[in-house]
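Each chain is listed here by its residues.
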Amino acid sequence: MAEPNVEDASLPAVGPRTCGGRSTDYFLLKTARVSGWLLFGLVGAYLFTGYAVCGKFGVSDILSKDGAVWFHRGFDLPLLIAFLTHSATSVYFALKRWGWLKRTKNQ
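Please read these numbers as outputs of a predicted model, since none were measured by experiment.

Looking only at helices and strands, one finds three helices and two strands in the protein chain. When the helices and strands of the protein chain are placed in sequence order, the string is β-β-α-α-α. Sequence-distant contacts, at least 24 apart, represent 53% of the contacts inside the protein chain between residues at least 6 apart. About 8,300 Å² of surface is accessible on the protein chain, with carbon and sulfur atoms providing 66% of the total.

Set out below in structure tokens:
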């Protein structure tokens, strides 16, 4: 049986900007993806509750106006956090891609 290759080329070497063999950009990319999916769901729920409050498209038949207002007001902070997290990480990667931020030697 052949020995497994100890030096995996897909993971950068452990250095000052790594955690368990994965670079900071790995975790930032995961953060951007998770916050993007959260933002997608939160915006959909925000629209849904907004239509229930207005009584449009028959959404108020599914969700009462009082319940919709309660949910709708509760989405402000989670939406803001998800938006800022997703925007900051996406702008960071865009700046790196455009060459405005220098790449480290681990990447």
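There is more to say, and it comes next.
A few words now on a nonpolar patch on the surface. On the surface, L77, L80, I81, F83 and L84 cluster together to form a nonpolar patch covering roughly 500 Å² of accessible area. One can find I81 in helix α3 (residues 76-97). The exposure class assigned to I81 is partly exposed, which follows from its relative accessible area of 47%.

With that out of the way, let us pick up helix α1 (residues 24-54). Every α-helix winds through 3.6 residues per turn, so residues three or four apart in the chain are directed the same way. End to end, α1 covers 44 Å across 31 residues, agreeing with the expected 45 Å (1.5 Å per residue, within 8%). If you check which residues of α1 are buried, you get D25, A32, S35, L39, L42, T49, G50 and A52. Tucked inside the fold, the buried residues of α1 contact β2 (22-23), α2 (65-74) and α3. Taken from the residues just after α1, G55 is the one with a positive phi, measuring 80 degrees.

What counts and how
- Each chain carries its own residue numbering, running from 1 in the direction its sequence is written.
- With pLDDT at 70 or above as the cut-off, local features in this predicted model cover only qualifying residues; side-chain atom pairs require 80 or more to be listed or tallied, and sums for whole chains, interfaces and linings still use all residues.
- Each side-chain value is derived from all of the structure's non-hydrogen atoms; neither hydrogens nor water enter the calculation.
- Where helices and strands are cited, they refer to DSSP runs of H or I of at least four residues and of E of at least two residues respectively, numbered from the N terminus.
- Residue contacts are counted whenever heavy atoms from the two residues lie within 4.5 Å of one another.
- Only the protein chains shown count as covering a residue, and every accessible area follows the Shrake-Rupley method with a 1.4 Å probe.
- The patch calculation keeps residues exceeding 30% relative accessible area without a salt bridge and links them within 9 Å when they carry like charges or within 5 Å when they are nonpolar (Val, Leu, Ile, Met, Phe, Trp, Tyr).
- When a carboxyl oxygen of Asp or Glu lies within 4 Å of a side-chain nitrogen of Lys or Arg, that pair is called a salt bridge.
- Only protein chains enter the accessibility calculation, which uses a 1.4 Å probe. A residue is then buried if its area is under 20% of the maximum for its type, exposed if over 50%, and partly exposed in between.
- To estimate the expected span of a helix, subtract one from its residue number and multiply by 1.5 Å.

Worth remembering: the numbers are spatial, not functional.
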